[in-house]
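Structural overview
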Amino acid sequence: MKVYEGGCHCGNLRVAFRTALDPAQMAPRACQCAFCRKHATGAVSDPDGHLEFILKNPDQVHLYRFGLGITEFVICRNCGVYAGAHMPDGEAAIGNVMAHVLDAHAQFTLPTIPVVRSGEDEDGRRIRRRKSWTPSTLVTGSA
Ligand SMILES: [Zn+2]
(Lines give C-alpha, C1' and ligand atoms only; values in the text may rest on other atoms or scores of the structure.)
Protein backbone atom coordinates (compact mmCIF):
# COMPACT_ATOMS: atom_id res chain seq x y z
CA MET A 1 0.00 0.00 0.00
CA LYS A 2 1.09 3.52 -0.76
CA VAL A 3 -0.23 6.71 0.76
CA TYR A 4 -1.10 9.54 -1.62
CA GLU A 5 -1.34 12.83 0.21
CA GLY A 6 -2.83 16.06 -0.92
CA GLY A 7 -5.32 18.69 0.04
CA CYS A 8 -6.77 22.09 -0.59
CA HIS A 9 -4.88 25.19 -1.69
CA CYS A 10 -4.47 26.91 1.68
CA GLY A 11 -3.51 23.81 3.65
CA ASN A 12 -6.49 23.72 6.01
CA LEU A 13 -7.91 20.55 4.49
CA ARG A 14 -5.60 17.60 3.91
CA VAL A 15 -6.26 14.16 2.48
CA ALA A 16 -4.41 10.86 2.73
CA PHE A 17 -5.46 8.14 0.30
CA ARG A 18 -3.98 4.71 1.03
CA THR A 19 -4.19 2.21 -1.83
CA ALA A 20 -2.32 -0.64 -3.46
CA LEU A 21 -3.73 0.32 -6.86
CA ASP A 22 -1.54 1.90 -9.52
CA PRO A 23 -2.58 5.51 -10.24
CA ALA A 24 -1.79 4.93 -13.91
CA GLN A 25 -4.54 2.27 -13.93
CA MET A 26 -7.19 4.30 -12.10
CA ALA A 27 -9.43 6.28 -14.43
CA PRO A 28 -10.90 9.24 -12.50
CA ARG A 29 -14.69 9.34 -12.70
CA ALA A 30 -16.28 12.58 -13.81
CA CYS A 31 -19.74 12.57 -12.29
CA GLN A 32 -22.08 14.54 -14.51
CA CYS A 33 -24.31 16.03 -11.80
CA ALA A 34 -24.50 19.82 -11.77
CA PHE A 35 -22.23 20.16 -8.71
CA CYS A 36 -19.51 17.89 -10.08
CA ARG A 37 -19.57 19.43 -13.54
CA LYS A 38 -19.04 22.88 -12.03
CA HIS A 39 -16.00 21.53 -10.16
CA ALA A 40 -14.72 19.48 -13.12
CA THR A 41 -14.35 16.48 -10.84
CA GLY A 42 -12.32 13.34 -11.32
CA ALA A 43 -12.94 10.98 -8.42
CA VAL A 44 -10.86 7.95 -7.51
CA SER A 45 -11.47 5.33 -4.86
CA ASP A 46 -10.44 1.86 -3.72
CA PRO A 47 -12.72 -0.32 -1.59
CA ASP A 48 -9.62 -2.10 -0.24
CA GLY A 49 -7.86 1.14 0.66
CA HIS A 50 -8.46 3.91 3.16
CA LEU A 51 -9.18 7.59 2.84
CA GLU A 52 -8.66 10.20 5.51
CA PHE A 53 -9.85 13.80 5.42
CA ILE A 54 -7.86 15.88 7.90
CA LEU A 55 -9.61 19.08 8.95
CA LYS A 56 -7.07 21.35 10.64
CA ASN A 57 -9.66 23.99 11.45
CA PRO A 58 -13.07 22.32 11.03
CA ASP A 59 -14.83 25.70 11.24
CA GLN A 60 -13.17 26.45 7.91
CA VAL A 61 -14.38 23.25 6.24
CA HIS A 62 -17.86 22.97 4.79
CA LEU A 63 -19.54 19.56 4.55
CA TYR A 64 -21.93 20.44 1.76
CA ARG A 65 -25.01 18.29 1.27
CA PHE A 66 -27.51 18.36 -1.56
CA GLY A 67 -29.67 15.97 -3.58
CA LEU A 68 -30.41 12.87 -1.51
CA GLY A 69 -28.58 14.55 1.39
CA ILE A 70 -26.65 11.39 2.31
CA THR A 71 -23.19 12.59 1.28
CA GLU A 72 -20.88 15.26 2.70
CA PHE A 73 -18.97 17.04 -0.06
CA VAL A 74 -15.82 18.21 1.69
CA ILE A 75 -14.95 21.78 0.72
CA CYS A 76 -12.44 24.19 2.25
CA ARG A 77 -14.31 27.37 3.17
CA ASN A 78 -11.10 29.38 3.09
CA CYS A 79 -9.75 28.59 -0.37
CA GLY A 80 -12.78 26.93 -2.03
CA VAL A 81 -11.22 23.63 -3.02
CA TYR A 82 -13.53 20.59 -3.20
CA ALA A 83 -11.37 17.67 -2.04
CA GLY A 84 -13.73 14.71 -2.07
CA ALA A 85 -16.91 13.08 -0.84
CA HIS A 86 -17.62 11.37 2.47
CA MET A 87 -20.77 9.32 3.06
CA PRO A 88 -21.65 8.14 6.57
CA ASP A 89 -22.95 4.57 6.16
CA GLY A 90 -24.11 2.87 9.32
CA GLU A 91 -21.27 2.74 11.84
CA ALA A 92 -18.68 3.56 9.20
CA ALA A 93 -18.27 5.81 6.20
CA ILE A 94 -17.03 5.59 2.65
CA GLY A 95 -15.69 8.26 0.36
CA ASN A 96 -13.75 9.23 -2.69
CA VAL A 97 -11.07 11.77 -3.40
CA MET A 98 -10.50 14.10 -6.32
CA ALA A 99 -7.36 12.93 -8.12
CA HIS A 100 -6.40 16.52 -8.90
CA VAL A 101 -6.02 17.46 -5.20
CA LEU A 102 -3.40 14.77 -4.67
CA ASP A 103 0.26 15.77 -4.76
CA ALA A 104 0.78 12.88 -7.21
CA HIS A 105 -2.04 14.03 -9.51
CA ALA A 106 0.22 13.77 -12.55
CA GLN A 107 0.47 10.00 -12.02
CA PHE A 108 -3.25 9.64 -12.78
CA THR A 109 -2.73 9.63 -16.51
CA LEU A 110 -5.92 7.94 -17.75
CA PRO A 111 -8.61 10.24 -19.12
CA THR A 112 -11.60 10.83 -16.87
CA ILE A 113 -14.69 8.75 -17.53
CA PRO A 114 -18.02 10.61 -17.47
CA VAL A 115 -20.58 8.86 -15.26
CA VAL A 116 -24.29 9.62 -14.85
CA ARG A 117 -25.87 8.66 -11.53
CA SER A 118 -28.99 10.76 -11.59
CA GLY A 119 -31.41 7.81 -11.79
CA GLU A 120 -30.35 6.26 -8.49
CA ASP A 121 -32.39 6.15 -5.32
CA GLU A 122 -30.69 6.09 -1.92
CA ASP A 123 -30.54 2.30 -1.61
CA GLY A 124 -29.13 1.89 -5.09
CA ARG A 125 -26.55 4.59 -4.48
CA ARG A 126 -25.37 3.08 -1.21
CA ILE A 127 -25.12 -0.41 -2.72
CA ARG A 128 -23.03 0.86 -5.64
CA ARG A 129 -20.77 2.98 -3.46
CA ARG A 130 -20.14 0.16 -0.96
CA LYS A 131 -18.57 -1.81 -3.82
CA SER A 132 -16.40 0.97 -5.22
CA TRP A 133 -15.80 3.73 -2.64
CA THR A 134 -13.04 3.81 -0.04
CA PRO A 135 -13.50 3.33 3.70
CA SER A 136 -13.25 6.91 4.88
CA THR A 137 -12.70 8.91 8.05
CA LEU A 138 -12.91 12.60 8.93
CA VAL A 139 -10.23 13.63 11.41
CA THR A 140 -10.08 16.95 13.22
CA GLY A 141 -6.76 18.49 14.13
CA SER A 142 -3.31 18.76 12.64
CA ALA A 143 -2.61 14.98 12.39
ZN1 LIG B 1 -8.16 25.65 1.86
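The shown structure was predicted, so the numbers you read here are calculated from the model rather than taken from an experiment. Within every chain, residues take consecutive numbers counted from 1 along the sequence as written. Thresholds applied to this predicted model are a pLDDT of at least 70 for local features of residues and 80 or more for the giving and counting of side-chain atom pairs; totals over whole chains, interfaces and linings are not thresholded and use all residues. Excluding hydrogens and water, the side-chain figures rest on all heavy atoms present in the structure.

1. A few points about the packing of aromatic side chains
Basically, it comes down to this: Think of it this way: a Phe, Tyr or Trp ring, Trp meaning its six-membered ring, pairs with another when their centres are within 6.5 Å, and the plane angle makes it stacked under 30 degrees, edge-to-face over 60, tilted otherwise. The numbering of helices and of strands both runs from the N terminus, where a helix is a DSSP run of H or I of at least 4 residues and a strand a run of E of at least 2. For each residue, the accessible area found with a 1.4 Å probe, counting protein chains only, is set against the maximum for its type, and the residue is called buried under 20%, exposed over 50%, and partly exposed in between.
The final tally for this structure, using the stated rule, is eight aromatic pairs. Centre to centre, the rings of Tyr-4 and Phe-108 are 6.3 Å apart; their planes meet at 70 degrees, and the pair counts as edge-to-face. Of this pair, Tyr-4 sits in strand 1 (residues 2-7) while Phe-108 sits in the loop between strand 9 (92-98) and strand 10 (113-115), and the two are 104 residues apart along the sequence. Accessibility assignment for this pair places Tyr-4 and Phe-108 in one class, buried. A ring pair is formed by Phe-73 and Tyr-82, whose centres lie 6.0 Å apart and whose planes are at 50 degrees; its orientation type is tilted. An aromatic cluster is defined as three or more aromatic residues linked by ring pairs; in this entry it consists of Phe-35, Tyr-64, Phe-66, Phe-73 and Tyr-82.

2. Quick notes on the coordination of the zinc ion
Definition in use: Each metal's donors are the N, O and S atoms within 2.8 Å of it, or within 3.2 Å when it is Na, K or Ca, and because water is not part of the set, sites may look incomplete. In these descriptions, tetrahedral denotes four donors with every angle between 85 and 135 degrees, square planar four donors and octahedral six donors with opposite donors over 155 degrees apart and the rest between 65 and 115, and irregular any other case.
Within the protein, the atoms that donate to the zinc ion are Cys-8 (SG), Cys-10 (SG), Cys-76 (SG) and Cys-79 (SG), at distances of 2.3 to 2.4 Å. One can describe the donor arrangement at the zinc ion as tetrahedral, given that its four donor atoms subtend angles of 103 to 121 degrees at the metal. Each donor residue of the zinc ion belongs to the same chain, with the gaps between them written as C-x1-C-x65-C-x2-C. On the criterion of sequence distance, the pair formed by Cys-8 in the loop between strand 1 and strand 2 (13-19) and Cys-79 in the loop between strand 7 (72-76) and strand 8 (82-89) is long-range, its members being 71 residues apart. Exposure remark for Cys-8: the relative accessible area of 9% places this residue in the buried category. Cys-79 sits in the partly exposed class, given a relative accessible area of 27%.

3. A look at the pairing of strand 2
The line we're drawing: Between any two strands, pairing holds if DSSP finds at least two bridges.
With five of seven residues buried, strand 2 lies mostly within the body of the structure. Counting the residues between successive antiparallel strands, the hairpin from strand 1 to strand 2 contains five residues, one of them, Gly-11, with a positive phi of roughly 95 degrees. Relative to strand 5 (residues 50-55), strand 2 is paired through six bridges, and the arrangement is antiparallel. By the bridge assignment, Val-15 is partnered in strand 5 with Phe-53.

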